[in-house]
Amino acid sequence: MFLRYCLLFFAASAGSLVASSDSKLSEQHSVGSSQGHESHAAEAHDGDHAASEPDEAVFNPKEMIMHHIADSHGWHIMDWNEREIGIPLPVILWTREGLVVFSSSLFHHDSEGMHVAESGGQRFVNLHEKIYYASDAPNEHGIYAQADPITHEVTNVQPWDISITKNVASLFVSAVIILVLFTRAAKFYAKNSDAAPRGLAGFVEPLVVFVRDDIAKNNIGPHYKKFVPLLLTIFFFIWVNNLMGLVPFFPGGANVTGNIAVTMVLAFVAFVVTNFNGKRHYWNHILWMPGLPVAVKPLLAIVEIIGIFTKPFSLMIRLFANITAGHIIVLSLVSLIFIFETLWVSPVSVLLTLFISVLELLVTALQAYIFTLLTALYLGAALQEEHH
Amino acid sequence: MGIVTPGFGLIFWTTLTFFLLLFLLAKFAWKPILQAVQDREESINAALKAAESAKSEVAALQNSSEQLLKEAREAREAMLKEARSMRDKTIADAKEAASEEASKVLELARIQIDNEKKAAMAEVKNQVAQLAIDMSERILRAELKDAQAQRALVDRAMLDLKSSN
């Protein structure tokens, strides 16, 4: 798994996002088969689901949790009287015949590849929240997709999918919240130039000053000013998205910062900013470390070059893992009620969930802080001037 | 592998959203906020510096006012001293002048008394001489009624003259 991330990140950081998308195609998927996938926790839900399908009454916490932390094409809000209530989101595809846009309601809440959506003369299925060109006829499980009989990989082709998914919609909501929050705070300063901050500005200013002084100034050094807006944006982008993930109902609850794509973009930004601002001293220490025997220098260069990539990679994994773990814990605790099928567990479940939620509240800020702090640290190292 | 495989769509939208957000925030939020904060910090620093200098100015002023007060006190002291000495001198002068005047008056009075006394003495002498003359005239007249007696007198007088020479 680790190697796979490395490859992904190398590919992405080299600027070819195609690689990551291509890997989706080769990704393993069981199509109506439950064989040989239980060993992978993350994948298990694919297989388990098919197994549990005959008995709908059995609650499958793994499936529920995986469904909640994964992205989806519709925004599921709740089930009511055996019916799903949710907000359909636009599906945007770049197909062989150009751009196709249709509502996710055409899938009728289906993500098992059972329902074909027709748009622009083309047919698509939603199989585990991935859009494929639908097969002409369903297989023996009623799924409009074909799988390789040996590897169980889906052989159907995927169009380029730039749909407004649940995470994207949540991202937009967070972006709007951030924009409104900070532009309104900025208005205060436009009106009262030298007054002590009040209201929204009073709330925002200590945070902004904290990022500027304790994160940027302390770690980047004398040329910190240029990077303060970026660090502020990273910090509040992560924090607000983390917080939105903690809100258990619409429009929160999406696992945005617990999605590897989001953290990858943020880590990639950190990677680019760090290395494009790298000074002579920085590259010198990576490629030809001074003060070492010549024989060791190339060895260290290899380690250091790997280090260039592992630093942002660790940023990507840390945020993703922390936030996803938080979501999984909360969902697991709530699942206890349904696993034991008794209401008497609910006090325990609710209290534990409350405890974890409060902890997660801390984690939201902490992870935003750590991500920003480490970005600033890496930047500081890259910007360091010759001093000996 | 579902949750650890980055989806292309989300990468696309996250990148777009993040950079749009970065641009908009940098322009409409961070720039004014950071500028305002910096301006305020500068103005606070300036105010602190001004307060510091005002404080030292006040201290200097206080110092100089104390100096002035001290000088004024000294001046008052000196003036008082001068006044006191002048008063003493005036009193002394006055006393001296008065005693001089008094002694002068006394002297004058004595001289006058002396003069009066002399005059009185002279008067008394005159009176006595007149009286003596008158008495002697009467006596002479009484004694010199006869020629003999006159002679006897001349002789006696002659004798006196002789004895007195």
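Computed from a predicted model, the values in this text were never measured in an experiment. (Residues numbered from 1 in each chain as written. Chains lettered and ligands numbered in written order. Predicted model: local features only at pLDDT ≥ 70, side-chain atom pairs only at ≥ 80, totals over all residues. Heavy atoms only, no water.)

Student: Looking at this structure, how should I read the overall build of chain A?
Tutor: Helices and strands together make up the secondary structure of chain A, namely 11 helices and 8 strands. Here chain A holds 388 residues, and the buried ones make up 49% of them. At a minimum sequence separation of 6, the contacts of chain A that also span at least 24 residues come to 59%. Element-wise, carbon and sulfur atoms account for 66% of the exposed surface of chain A, whose accessible area totals about 18,800 Å². (Helix = DSSP H or I, 4+ residues; strand = E, 2+ residues; numbered from the N terminus. Buried < 20%, exposed > 50% of the residue type's maximum accessible area, 1.4 Å probe, protein only. Contact = heavy atoms within 4.5 Å. Areas by Shrake-Rupley, 256 points an atom, 1.4 Å probe, with all protein chains shown as cover.)

Student: Can you walk me through the nonpolar core in this structure?
Tutor: Soluble, globular proteins show a tendency: their nonpolar side chains are buried together. The biggest cluster of nonpolar side chains holds 84 residues, and the ones touching the most others in it are A:Phe182, A:Val208, A:Ile220, A:Phe236 and B:Trp30. Mapped by element, the contributors of at least two residues to this core are helix H4 (61–69), helix H5 (166–191), helix H6 (199–220), helix H7 (228–246), helix H8 (260–276), helix H10 (296–340) and helix H11 (346–383) of chain A together with helix H1 (8–143) of chain B. For this core, the element with the most residues is H1(B), which contributes 14 residues. Leaving out residues up to four positions away in the same chain, A:Val208 has contacts with A:Phe182, A:Leu232, A:Phe236, B:Trp30, B:Ile33 and B:Leu34. (Core = buried A, V, L, I, M, F, W, Y, C linked by side-chain atoms within 4.5 Å.)

Student: Would you explain empty space enclosed by the protein in this entry?
Tutor: Residues and elements named next belong to chain A. What the rule picks out here adds up to 2 cavities of 30 Å³ or more. Each pocket or cavity is described by its volume, and for the largest cavity that value is around 80 Å³. Residue assignment for the lining of the largest cavity shows that the elements contributing at least two residues are H8 and H10. Ranked by residue count, the leading element in the lining of the largest cavity is H8, at 4 residues. Within the lining of the largest cavity, the residues separate by chemical class into 6 nonpolar, 2 polar and 1 charged. By volume, the second largest cavity is sized at about 40 Å³. Lining of the second largest cavity is provided by Asn242, Leu246, Ile323, His327, Glu360 and Thr364. Of all the secondary structure elements, the ones that give two or more residues to the lining of the second largest cavity are H7, H10 and H11. (1 Å grid on protein atoms, 1.4 Å probe; cavity = no way out; pocket = protein on both sides within 12 Å on 5 of 7 lines; lining within 4 Å. Points joined across faces, edges and corners; volume = space filled by probe spheres on them. Nonpolar A, V, L, I, M, F, W, Y, C, P; charged D, E, K, R; others polar.)

Student: What is the right way to read H6(A) from this model?
Tutor: In an α-helix, one turn spans 3.6 residues; hence positions three or four apart end up facing the same way. Residue and element names in this part refer to chain A. For H6, spanning 22 residues, the distance from its first C-alpha to its last is 30 Å, which sits close to the expected 32 Å at 1.5 Å a residue. Most pronounced at glutamate 205, the bend in H6 amounts to some 25°, and the proline proline 206 follows within four residues. Taken as a whole, H6 has its buried residues at Ala201, Val204, Glu205, Leu207, Val208, Val209, Val211, Arg212, Asp213, Ile215, Ala216 and Ile220. Two residues or fewer after H6 comes glycine 221, characterised by a positive phi angle close to 105°. (Expected span 1.5 Å × (residues − 1). Bend = angle between axes of the 7 residues up to and from the residue.)

Student: Even after reading the chapter, I still don't get the packing of aromatic side chains, so can you show me in this structure?
Tutor: Aromatic ring pairs are defined here through the distance separating the ring centres and the angle between the ring planes. Applying the stated criterion across every chain, the model contains 21 aromatic pairs over all chains. Residues A:Phe172 and B:Trp13 carry aromatic rings whose centres are separated by 5.6 Å and whose planes lie at 85° to one another, so their mutual orientation is edge-to-face. Taken as a pair, A:Phe172 in helix H5 and B:Trp13 in helix H1 lie in two separate chains rather than in one. Considering the side-chain rings of A:Phe210 and A:Tyr369, the 5.6 Å spacing of their centres and the 35° angle between planes classify their relative orientation as tilted. Here A:Phe210 is found in helix H6, whereas its partner A:Tyr369 is found in helix H11, with 159 residues between them in sequence. Given a relative accessible area of 29%, A:Phe210 falls into the partly exposed group. By the ring-pair criterion, three or more aromatic residues cluster together here, those being A:Trp160, A:Phe172, B:Phe8, B:Phe12 and B:Trp13. Lying across the ring of A:Tyr133, A:Arg96 places its NZ or CZ 3.8 Å from the centre. (Phe/Tyr/Trp six-rings, centres within 6.5 Å; stacked < 30°, edge-to-face > 60°. Lys NZ or Arg CZ within 6 Å of the ring centre and 35° of its normal.)

Student: Help me understand the sheet that holds strand S7 (residues 130–133) of chain A in this model?
Tutor: In a beta sheet, neighbouring strands pair by backbone hydrogen bonds and run either parallel or antiparallel. Residue and element names in this part refer to chain A. In spatial order, the strands read S5-S6-S7; together these 3 strands make up an open sheet with antiparallel pairing. Bordering the open sheet on either side are strand S5 (112–119) and S7, each of which pairs with just one other strand. Strand-to-strand twist across the sheet, computed as the mean angle between neighbouring axes with direction ignored, equals 30°. Looking at chain direction, S5 and strand S6 (residues 122–127) are connected through 5 bridges and run antiparallel. Along S6, the bridge assignment pairs alanine 117 with phenylalanine 124. (Pairing = 2+ DSSP bridges. Axes fitted to C-alpha atoms, helices over the stretch in contact; angles between N-to-C directions.)

Student: Please explain the confidence of the model for chain B as it appears in this structure.
Tutor: Averaged over every residue, the pLDDT of chain B is 89; the share at 70 or more is 98%. Here the predicted complex scores 0.72 on pTM and 0.80 on ipTM. (pLDDT = per-residue confidence, 0-100.)

Student: It is not clear to me how the interface of chain B and chain A should be interpreted in this structure. Could you clarify?
Tutor: How big an interface is tends to be expressed through the accessible area that disappears when the partners come together. Every contact between the two is made by 36 residues of chain B and, on the other side, 61 residues of chain A. Note on chain B versus chain A: buried area summed over both sides is about 4,300 Å², and carbon and sulfur give 79% of it. At the boundary of chain B and chain A, one finds 2 salt bridges. Along the contact surface separating chain B from chain A lie 7 residue pairs in polar contact (both at pLDDT 80 or more). (Buried area = accessible area lost by both parts, 1.4 Å probe. Salt bridge = Lys/Arg side-chain N within 4 Å of Asp/Glu carboxyl O. Polar contact = N/O pair within 3.5 Å; in protein donor to acceptor, adjacent residues only side chain to side chain.)

Student: Just checking my understanding: could you explain the packing of H8(A) against H11(A) for this structure?
Tutor: In a packed pair of helices, the relevant descriptors are the angle between the two axes and the axis-to-axis distance. Residues and elements named next belong to chain A. Put simply, H8 and H11 touch, their axes get as near as 9 Å, and they point 20° apart. When the axes of H8 and H11 are compared, the pair comes out roughly parallel. The element H8 and its partner H11 pack so that their crossing is right-handed. Contacts from Leu266, Ala267, Ala270, Val273 and Thr274 in H8 reach Phe371, Thr375, Tyr378, Leu379 and Ala382 in H11. (Parallel < 35°, antiparallel > 145°, perpendicular 65-115°, else oblique. Left-handed = near helix turned anticlockwise from the far one by under 90°.)

Student: Looking at this structure, how should I read H1(B)?
Tutor: Taking 1.5 Å of rise per residue, the 136 residues of H1(B) would be expected to cover 202 Å, and the 192 Å separating its terminal C-alpha atoms lies within 8% of that figure. Along H1(B), the helix axis deviates most sharply at B:Ala26, where the bend reaches about 50°.

Student: Sorry, what's going on with the environment of A:Phe124 here?
Tutor: Its location among the elements puts A:Phe124 in strand S6. A sequence separation of 21 residues divides A:Phe124 from A:Ala145, and the C-alpha atoms of the two residues are 9.7 Å apart.

Student: I keep staring at the confidence of the model for chain A and nothing clicks. Help me out?
Tutor: Atom-level detail of predicted coordinates should not be read off regions where pLDDT is low. Taken residue by residue, chain A gives an average pLDDT of 81. The fraction at 70 or more is 85%. In the predicted structure, residues 1–55 of chain A sits below a pLDDT of 50 and forms 104 contacts with residues beyond four places in sequence or in another chain.

Student: So what exactly am I meant to see when it comes to the pairing of strand S3 (residues 90–95) of chain A here?
Tutor: Residues and elements named next belong to chain A. Of the strand pairs in this sheet, S3 and strand S4 (residues 98–103) are connected by 6 bridges, and their pairing is antiparallel. Bridge pairing in S4 places valine 91 opposite phenylalanine 102. Joining the antiparallel neighbours S3 and S4 is a turn of 2 residues. Alignment of S3 against strand S8 (residues 160–161), held across 2 bridges, turns out to be antiparallel. Bridging across to S8, tryptophan 94 finds its partner in tryptophan 160.

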